[in-house]
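Here is how the chains run, residue by residue.
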Protein chains: 2
Amino acid sequence: MNFCSDCGEKVTLRIPDGDNVPRHVCDACGAIHYLNPKMVVGCIPEWDDQILLCRRAIEPRYGLWTLPAGFMENGETAAQGAARETLEEAGARVQIDQLYTFLNLPYINQIYVMFRGRLLDLDYAAGTESLEVMMFSEAEIPWKELAFRTIKITLENYFADRKNGSFDFHMGDVLPPNR
Amino acid sequence: MNFCSDCGEKVTLRIPDGDNVPRHVCDACGAIHYLNPKMVVGCIPEWDDQILLCRRAIEPRYGLWTLPAGFMENGETAAQGAARETLEEAGARVQIDQLYTFLNLPYINQIYVMFRGRLLDLDYAAGTESLEVMMFSEAEIPWKELAFRTIKITLENYFADRKNGSFDFHMGDVLPPNR
């Protein structure tokens, strides 16, 4: 952030009065521009003992497999966002069920919120951000070709819980990859 | 948003190629400025059968009672944010426990994420954003003077669950006040 989005003048990075964190402050109009974490919302689309994955047609991680997920938009609930992303990326309609994982990624200012979802039919098709969309049984999951650690963690929890016969909510923190 | 925060030129509100939502687009440098929901994080600070509330010294809802909560900051986890807000607003140290409520407020682009928290001592004191901080038993809760509906919902769930002897996770959507 270099310029004030309200008035167009240059901003300064400094701690405002009464605050304790540096912010982008506009000395021309007085606006303080806060930056906050973004939520990524998605789901595990289920059909019998299979789940749906998408192969990414965009960077980062072009060509790798992921659960449908993306940035939550203004004006929607987290569940609506998860259903929207599933429709956009996989052309698939889901009934969103329980909140399943909540993963903090403080080093990139993101929170991953993943639901369980029931596919309403098998009439899916790759959206513009996907190369292909496929159903996988547990034995078929491409563990070495998953796009993100958040997806790997979510799927590991999912199949472990399924084995135990009880899907518990999981909260966790994901550290930078080189630690 | 009127100006591009990258280059300072005027932005236009239009749907970018390949998108389906109007965004603030800079035709000078090509930047697309996305607006996403913000997370409010806080907790229910517990001590025996009492909980801590803060009386707001700031607008909105000056003079009304609330649980400690505020916007999650970049670089922290949701639980760290909840503990930070409790320290800032109530001068109180808490051990953050389970994720307790997740409330969508799509009409103001916010998500409230409230944890249960155990006060580590009773050495609290009003921060700059609070007029006073007090411990309340269930019978003493100022139901008519609560600052936000999210706080009322969280406390209603809390005391109902406590009566039932089991604190379940609650997810819900909060509609605009005039509906």
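Only a predicted model underlies this, so the values are computations on that prediction, with no experimental measurement involved. (Residues numbered from 1 in each chain as written. Chains lettered and ligands numbered in written order. Predicted model: local features only at pLDDT ≥ 70, side-chain atom pairs only at ≥ 80, totals over all residues. Heavy atoms only, no water.)

Trainee: I'm lost on the overall build of chain A in this one. Help?
Mentor: In terms of regular secondary structure, chain A is built from 2 helices and 11 strands. Going from N to C terminus, chain A has its helices and strands arranged as β-β-β-β-β-β-β-α-β-β-β-α-β. Overall, chain A is about 60 × 30 × 30 Å in size when its C-alpha atoms are taken along their principal axes. The burial tally for chain A puts 50% of its 179 residues in the buried class. Taking all contacts inside chain A whose residues are at least 6 apart in sequence as the whole, residues at least 24 apart take part in 61%. Entry remark: accessible area of chain A is about 8600 Å², with carbon and sulfur atoms responsible for 49%. Here chain A contributes 17 positively and 26 negatively charged side chains, and the mean placements of these two sets differ by 5 Å. (Helix = DSSP H or I, 4+ residues; strand = E, 2+ residues; numbered from the N terminus. Buried < 20%, exposed > 50% of the residue type's maximum accessible area, 1.4 Å probe, protein only. Contact = heavy atoms within 4.5 Å. Areas by Shrake-Rupley, 256 points an atom, 1.4 Å probe, with all protein chains shown as cover. Lys, Arg positive; Asp, Glu negative; His and termini not counted. Charge placed at Lys NZ, Arg CZ, Asp CG, Glu CD.)

Trainee: Any chance you could explain the sheet that holds strand E3 (residues 32-33) of chain B here in plain terms?
Mentor: Whether parallel or antiparallel, the strands of a sheet pair through hydrogen bonds between backbone atoms. All names here are of chain B. Strand order in the open sheet made by the 3 strands is E1-E2-E3, with antiparallel pairing throughout. Edge strands, defined here as strands with exactly one partner in the open sheet, are strand E1 (11-14) and E3. Across 2 bridges, strand E2 (residues 23-26) lies against E3 in antiparallel orientation. Bridging across to E3, valine 25 finds its partner in isoleucine 32. (Pairing = 2+ DSSP bridges.)

Trainee: Sorry if this is basic, but what is going on with the pattern of salt bridges here?
Mentor: Where charged atoms from two side chains of opposite charge approach closely, those side chains can pair. Tallied over the full model, the rule gives 25 salt bridges over all chains. Ionic pairing is found between arginine 23 of chain B and glutamate 73 of chain A, a salt bridge with its closest N-O pair at 2.5 Å. Of the two residues, arginine 23 of chain B is situated in strand E2 and glutamate 73 of chain A in the loop between strand E7 (69-71) and helix H1 (78-90); the pairing between them involves two chains. The pair arginine 23 of chain B / glutamate 73 of chain A is uniform in exposure class, with both members buried. Put simply, glutamate 85 of chain B and arginine 84 of chain B hold a salt bridge, and the shortest N to O gap is 3.0 Å. One exposure class covers both glutamate 85 of chain B and arginine 84 of chain B, and it is buried. Connected via shared salt-bridge partners are Glu76, Arg84, Glu85 and Glu88 of chain A. (Salt bridge = Lys/Arg side-chain N within 4 Å of Asp/Glu carboxyl O.)

Trainee: Can you help me understand the relation of the copies chain A and chain B in this one?
Mentor: When chain A is brought onto chain B, the operation consists of a screw motion whose angular component is 180 degrees and whose axial shift is 0.0 Å, with 0.0 Å RMSD remaining. In the structure described here, the two chain copies are related by an operation that fits a two-fold rotation axis. Interface overlap between copies: 100% of the residues of chain A at the interface are likewise at the interface in chain B, consistent with a symmetric, same-surface contact. (Least-squares fit on C-alpha atoms with pLDDT ≥ 70 in both.)

Trainee: Teacher, can you tell me more about the environment of isoleucine 32 of chain B here?
Mentor: Residues and elements named next belong to chain B. With respect to the element layout, isoleucine 32 can be found in strand E3. Judged by relative accessible area, isoleucine 32 falls into the partly exposed class, the value being 32%. For the pair isoleucine 32 and leucine 13, spaced 19 residues apart in sequence, the C-alpha to C-alpha distance is 9.8 Å. Excluding residues within four positions of it along the chain, isoleucine 32 makes contact with Pro16, Arg23 and His24.

Trainee: Please explain the packing of aromatic side chains as it appears in this structure.
Mentor: For the coordinates displayed, the defined rule picks out 13 aromatic pairs over all chains. Relative to phenylalanine 159 of chain B, the ring of tyrosine 158 of chain B has its centre 5.1 Å away and its plane inclined at 80 degrees; by these criteria the two rings are edge-to-face. As far as burial versus exposure is concerned, tyrosine 158 of chain B and phenylalanine 159 of chain B are alike and both buried. Clustering of aromatic rings is evident, with ring pairs tying together Tyr100, Trp143, Tyr158, Phe159 and Phe167 of chain A. Sitting above the plane of the phenylalanine 167 of chain A ring, arginine 116 of chain A keeps its charged end 3.7 Å from the centroid. (Phe/Tyr/Trp six-rings, centres within 6.5 Å; stacked < 30°, edge-to-face > 60°. Lys NZ or Arg CZ within 6 Å of the ring centre and 35° of its normal.)

Trainee: Honestly, the confidence of the model for chain A in this entry has me stumped. Any pointers?
Mentor: Across chain A, pLDDT averages 96, with 99% of residues at or above 70. Reported for the predicted complex are a pTM of 0.95 and an ipTM of 0.94. (pLDDT = per-residue confidence, 0-100.)

Trainee: Just checking my understanding: could you explain the side chain of histidine 33 of chain A for this structure?
Mentor: Residues and elements named next belong to chain A. Here histidine 33 is to be found in strand E3 (residues 32-33). Look at histidine 33 and you get buried, because its relative accessible area is 10%. Excluding residues within four positions of it along the chain, histidine 33 makes contact with Met1, Cys4, Ser5, Asp6, Val11, Arg23 and His24.

Trainee: Explain the pairing of strand E5 (residues 50-56) of chain A to me, please; I cannot follow it from the model alone.
Mentor: For a regular strand, side chains alternate in direction, first toward one face of the sheet and then toward the other. All names here are of chain A. Of all 7 residues in E5, 5 are buried; the element is thus mostly enclosed. Two successive antiparallel strands, strand E4 (residues 38-47) and E5, enclose a turn made up of 2 residues, where aspartate 48 displays a positive phi of approximately 50 degrees. Bridging between E5 and strand E10 (residues 130-136) involves 6 bridges; their strand directions are antiparallel. Looking at E10, one finds that arginine 56 is bridged to serine 130. The sheet contact formed by E5 and strand E6 (residues 65-66) spans 2 bridges and is antiparallel. Following the sheet pairing, cysteine 54 is matched in E6 by threonine 66.

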